[in-house]
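Analysis of the macromolecular model
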Amino acid sequence: MGSYFIYDSINMYRSDMTDSEGQMSDSGTPTFSTGTTVTSHERSSDQNIGTAISGLADLDAIEYAVGSSATANAAAVYFNADDGISSGTIMNFFVDTSRDSGGSGLTNKGTISAVSSAGWAVTDLTETTGTKFFVEFTGSITDNVITEILIGKKLSFEVEPDVNVQTKRDYGTSVQKSLGGVEYALNTHDAQEISTISFQNISSTFKTNLLSMQDDIKGEAKKFLWYDGSSFHWVRLDKPLTFTEIADGRFSTQIVLRQQIQ
């Protein structure tokens, strides 16, 4: 499987998004209605994989209503442990412009199956434009294991990055000097890995796609998911993208990514 990003393309991390807890009417082509069902449902989209939702029962659901029409083709969910379900589908995704699709019920756009360990679970969605994005839970998922739900777009790399991927660690350390000349250090956080991936020759199409992603995540503002071909990384852009035209319609660039602690 090649490398890719999954990022917020629907503004679910913006102030014009409203998230509501509720339930689906059935397991076929359901309709959504609000209700007090999911505990701390707002934690599902707070850009923090350290805060969890709980109280999940069969047919419970969360609605993400965005301010204007947006398109999604992927979803990613972070689990901090085994979900407590042995097998089968545990989450369904729906996209529409209403809670009942004009009375005919919502159409399933993708699913996530049971997970047995901590980490990210991802799925491709049928690419759909809408203003309401729903996730339905099936079965009784163990409390406090789902900490983040990201619905957005998947940007697959057109070529793999150059082999000289650079990594370093930042400890947030600031060395200061007292008036007497004694040095002391302030350490503000645990180590964050910073990765620099380089592309020496990409198309104008891939450049445009990268710029669209940068616009959607507002540069360094939003966290997103990077899959490097073998592992998932919860990251931010560490600095804006810069492109160099190396030939007609061909470009080079470096993408600097900072690991997020939560």
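Details of the structure are given in the entry above.
Report follows, based on the coordinates. (Residues numbered from 1 in each chain as written. Predicted model: local features only at pLDDT ≥ 70, side-chain atom pairs only at ≥ 80, totals over all residues. Heavy atoms only, no water.)

A few words on the side chain of Thr123. You can see Thr123 is positioned in strand S7 (residues 119-137). The exposure class assigned to Thr123 is buried, which follows from its relative accessible area of 13%. Apart from the residues within four sequence positions on either side, Thr123 is in contact with Ala74, Ala75, Phe93, Thr111 and Ile112. (Helix = DSSP H or I, 4+ residues; strand = E, 2+ residues; numbered from the N terminus. Buried < 20%, exposed > 50% of the residue type's maximum accessible area, 1.4 Å probe, protein only. Contact = heavy atoms within 4.5 Å.)

Moving on: the side chain of Ser44. Mapped onto the elements of the fold, Ser44 is located in the loop between strand S3 (32-34) and strand S4 (60-79). Classification of Ser44 by relative accessible area gives buried; the value is 0%. At 2.8 Å, the side chain of Ser44 forms a polar contact with the backbone oxygen of His41. Residue contacts for Ser44: discarding those within four places in its chain leaves Ile53, Ile62, Tyr64, Thr147, Glu148 and Ile149. (Polar contact = N/O pair within 3.5 Å; in protein donor to acceptor, adjacent residues only side chain to side chain.)

This structure, assessed with the given rule, holds seven salt bridges. Linking Asp8 and Lys222 is a salt bridge whose minimum nitrogen-to-oxygen distance equals 2.9 Å. Of the two residues, Asp8 sits in the loop between strand S1 (4-7) and strand S2 (18-24) while Lys222 sits in the loop between helix H1 (204-216) and strand S13 (224-227), which places them 214 residues apart along the sequence. Here Asp8 and Lys222 have matching classes, each one buried. (Salt bridge = Lys/Arg side-chain N within 4 Å of Asp/Glu carboxyl O.)

Tracing the sequence through the fold places Gln166 in strand S9 (residues 166-170). What makes Gln166 partly exposed here is its relative accessible area of 45%. Spatially, the C-alpha atoms of Gln166 and Arg43 are 33 Å apart, while their sequence positions differ by 123 residues. Not counting residues up to four positions away in its chain, the partners in contact with Gln166 are Ile194, Ser195 and Thr196.

Quick look at the nonpolar core now. Among the nonpolar cores identified, the biggest contains 43 residues, and Met91, Phe93, Phe137, Ile146, Ile149 and Ile151 are the most heavily contacted of them. Where this core is concerned, the elements lending two or more residues are S1, S4, strand S5 (89-96), S7, strand S8 (146-156) and S13. A per-element tally of this core places S4 first, with 11 residues. Leu155, Phe199, Ile202 and Leu237 belong to the second largest nonpolar core, which has 20 residues in total. (Core = buried A, V, L, I, M, F, W, Y, C linked by side-chain atoms within 4.5 Å.)

The buried count for S8 comes to eight of 11 residues, which makes it a mostly enclosed element. Bridge count for S4 against S8 is six bridges, and the pairing is antiparallel. Looking at the pairing, Ala76 lines up with Leu150 of S8. (Pairing = 2+ DSSP bridges.)

What follows is about unusual backbone geometry. Not every positive phi belongs to a glycine, and Leu59 is a case in point at roughly 80°. Within the fold, Leu59 resides in the loop between S3 and S4. If you check the backbone angles, Ser101 has positive phi at about 50° while not being a glycine. Its location among the elements puts Ser101 in the loop between S5 and strand S6 (108-113).

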